[in-house]
Amino acid sequence: MTLATTMQQRQSVAQYRAAGLANVDWIDSDKLEVGDVVAVNAERSEVEVLYRESDMHHSLQLTNRCNSNCLMCSQPPTAQDDEWMIHESLEAIRHLAVSPQVLGLSGGEPLLLGPHLRTVLDAIGNKHPETRIEVLTNGRLLANMDQARPLLENLATRVTWLVPLYGHADFIHDFVVQAPGAFEQTLGGLLNLQSYRQPVQLRIVLIRPVLEVLPALCTFIGRNLPFVKEVALMACEPIGFALANRELCEVDLLDWQDTLQLAARQLSRHSVPFLFMNAPLCALPKNLHAFAHRSISDWKNVYAPICESCQVKASCSGFFAWHERGWKPAKTIQIIHEEYVA
Ligand code: SF4
């Protein structure tokens, strides 16, 4: 598909087609840029953007199916067979003109792809050897060595595994992910990742049941999972199941400052690196600002009007675009903000 904004460009495409290249066509849209990868729906005269080259954060969704049902899932899973998403992703990988620095692979649960996940990883490794891949997975199926071995053995592609852990005991983690047995399976998966020396980022979403045990969870990680590369403490994305479970998911992080400090202390004590994601700087204690990252993908990242005059905006993650329908990570943003105004 060629982006053709001038008559001359369209005529060139027409000439190609007349010469027998029937799979070449043009599109004109001010929403597209050269390098974007699109899927064409010819019947509806529509294209869907699979990959936008100018974005800062890049990811491909491999499936919408999942074997968990997390209380705060931002993208509630569906049960239908969606193997077409794998083929679409492979096509997108094949068509990337410029190798991204980092490419996220998400779901649903990517491990449900079975052997196809290794196919996708190898495809990226072969076509884009400099790209670092981040696979967001609950890790449960990796507890089974019959699945872990073919995926991880002789894996040449650079992958970091982003694995959520929501409690230091089964009843908490299993409750948050709404799947009995998930805690044991995720731990088994983490140990198998470690046995193949795979880098792991543990992900902890800061909803109420998790915050209630956060220091204990961080101690558990320090004692039992010291091999993890880092721990990401993430403010909840106010969308999907999080809206339906609002009483458990909506928190004001300013009410949990002592908990965040304790958690940070536990991780530091065990020399486990950590970072905060999706949390605006004014929702965090000042001594933890250095650990905050601008993590929200650019296409869903917004700032409040008051942020325009904030001195730390350039290094602040801001908000999810849909926070107005949901909530901000800290309701008292304006009061705190004033501390930053010159
Ligand atoms: S006022 Fe806005 S830019 Fe400043 S720290 Fe808060 S959210 Fe970030």
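S.K.: Requested: an account of the nonpolar core, with residues and values cited.
M.R.: Counting 86 residues, the largest nonpolar core has Met72, Leu121, Trp161, Leu202, Leu214 and Val231 as its most contacted members. Not counting residues within four places of it along the chain, the set of residues in contact with Leu214 comprises Ile204, Leu206, Leu233, Thr259, Leu260 and Ala263.

S.K.: Please give an account of unusual backbone geometry that cites residues and values.
M.R.: Leaving glycine aside, a negative phi is the common case for residues, and trans is the common case for peptide bonds. That bond from Gly107 to Gly108 is cis: its omega, 10 degrees, falls within 30 degrees of zero. The residue Asn154 is not glycine, and still its phi comes out positive at about 55 degrees. Here Asn154 lies in the loop between α4 (145-152) and β8 (159-164). Although it is not a glycine, Gln178 sits at a positive phi angle of roughly 55 degrees. Of note, Gln178 is situated in the loop between α5 (170-177) and α6 (182-195). The class of Gln178 is partly exposed, set by a relative accessible area of 42%.

S.K.: Which residues make up the packing of aromatic side chains, and what values do they have?
M.R.: One pass over the structure, following the stated rule, counts five aromatic pairs. Between Phe183 and Phe220 the ring centres are 6.0 Å apart and the planes differ by 45 degrees, which places this aromatic pair in the tilted class. Taken together, the residues span a long stretch of sequence, with Phe183 in helix α6 and Phe220 in helix α8 (residues 214-224) at a distance of 37 residues. Among the residues examined, Phe183 registers a relative accessible area of 5% and is labelled buried. Overall, Phe220 belongs to the buried group, its relative accessible area being 17%. Centre to centre, the rings of Phe274 and Phe291 are 4.3 Å apart; their planes meet at 20 degrees, and the pair counts as stacked. With Phe274 in strand β11 (residues 274-277) and Phe291 in the loop between β11 and β12 (301-302), this residue pair connects regions lying 17 residues apart in the sequence.

S.K.: Any details on the pattern of salt bridges? Residues and values, ideally.
M.R.: Applying the stated criterion across every chain yields a total of 10 salt bridges. A salt bridge links Asp25 to Arg17, with the shortest nitrogen-to-oxygen separation between them at 3.9 Å. Overall, Arg17 belongs to the partly exposed group, its relative accessible area being 38%. Here Glu250 and Arg246 are joined by a salt bridge, their closest N and O atoms 2.7 Å apart. Residue classification places Arg246 among the partly exposed residues on the basis of a relative accessible area of 31%.

S.K.: Would you mind going over the side chain of Thr157 in detail, with residue names and values included?
M.R.: Topologically, Thr157 is positioned in the loop between α4 and β8. Judged by relative accessible area, Thr157 falls into the buried class, the value being 10%. Here Leu121 takes part through its backbone oxygen, which lies 3.1 Å from a polar atom of the side chain of Thr157. Dropping the residues within four chain positions of it, Thr157 is found in contact with Leu121, Asp122, Gly125 and Ile133.

S.K.: Give me the lowdown on the packing of helix α2 (residues 84-95) against helix α3 (residues 115-127), citing residues and values where you can.
M.R.: Where α2 contacts α3, the axes come no closer than 10 Å and their chain directions differ by 5 degrees. Taken together, the axes of α2 and α3 are roughly parallel relative to one another. Listed contacts from α3 to Ile86, Leu90, Ile93 and Arg94 of α2 are His116, Thr119, Val120, Ala123, Ile124 and Lys127. Classifying every residue of the contact of α2 with α3 gives six nonpolar, two polar and two charged.

S.K.: Break down a nonpolar patch on the surface for me, with residues and values.
M.R.: On the surface, Met1, Val40 and Val47 cluster together into a nonpolar patch covering about 250 Å² of accessible area. Tracing the sequence through the fold places Val47 in strand β4 (residues 46-51). Among the residues examined, Val47 registers a relative accessible area of 31% and is labelled partly exposed.

Rules behind the numbers
- Counting of residues starts from 1 at the beginning of each chain's written sequence and follows it residue by residue.
- Thresholds applied to this predicted model are a pLDDT of at least 70 for local features of residues and 80 or more for the giving and counting of side-chain atom pairs; totals over whole chains, interfaces and linings are not thresholded and use all residues.
- Calculated side-chain values reflect all of the structure's heavy atoms, with hydrogen atoms and water omitted.
- For our purposes a nonpolar core is just a set of buried Ala, Val, Leu, Ile, Met, Phe, Trp, Tyr and Cys residues, chained together by side-chain atoms within 4.5 Å.
- Think of it in three bands: residues with accessible area under 20% of the maximum for their type are buried, residues over 50% are exposed, and the middle band is partly exposed, with areas taken using a 1.4 Å probe on protein chains only.
- Two residues qualify as a contact provided that any one of their heavy atoms is within 4.5 Å of a heavy atom in the partner residue.
- We count a stretch as a helix when DSSP gives it H or I for four or more residues in a row; a strand needs E for two or more, and each element gets its number in order from the N terminus.
- To pair, rings of Phe, Tyr and Trp, with the six-membered ring standing in for Trp, must have centres within 6.5 Å; the planes then decide the type, stacked if under 30 degrees apart, edge-to-face if over 60, and tilted in the middle.
- By convention in these notes, a salt bridge is any Lys or Arg side-chain nitrogen within 4 Å of a carboxyl oxygen on Asp or Glu.
- N or O atoms within 3.5 Å of each other form a polar contact, as long as, within protein, one can give a hydrogen and the other can take it, and as long as residues adjacent in sequence are counted only when both atoms are side-chain atoms.
- Inter-axis angles, ranging from 0 to 180 degrees, are taken between N-to-C directions of lines fitted to C-alpha atoms, where helices are fitted over the stretch in contact.
- Each angle is binned into one of four classes, with values under 35 degrees roughly parallel, values over 145 roughly antiparallel, values of 65 to 115 roughly perpendicular, and all other values oblique.
- Three residue categories are used. Nonpolar comprises Ala, Val, Leu, Ile, Met, Phe, Trp, Tyr, Cys and Pro, charged comprises Asp, Glu, Lys and Arg, and polar comprises the others, including Gly.
- Exposure above 30% relative accessible area and no salt bridge define the residues that can form patches, which grow by joining like charges within 9 Å and nonpolar side chains of Val, Leu, Ile, Met, Phe, Trp and Tyr within 5 Å.
- Per-residue and other accessible areas follow the Shrake-Rupley method at a 1.4 Å probe size, with only the shown protein chains counted as cover for residues.

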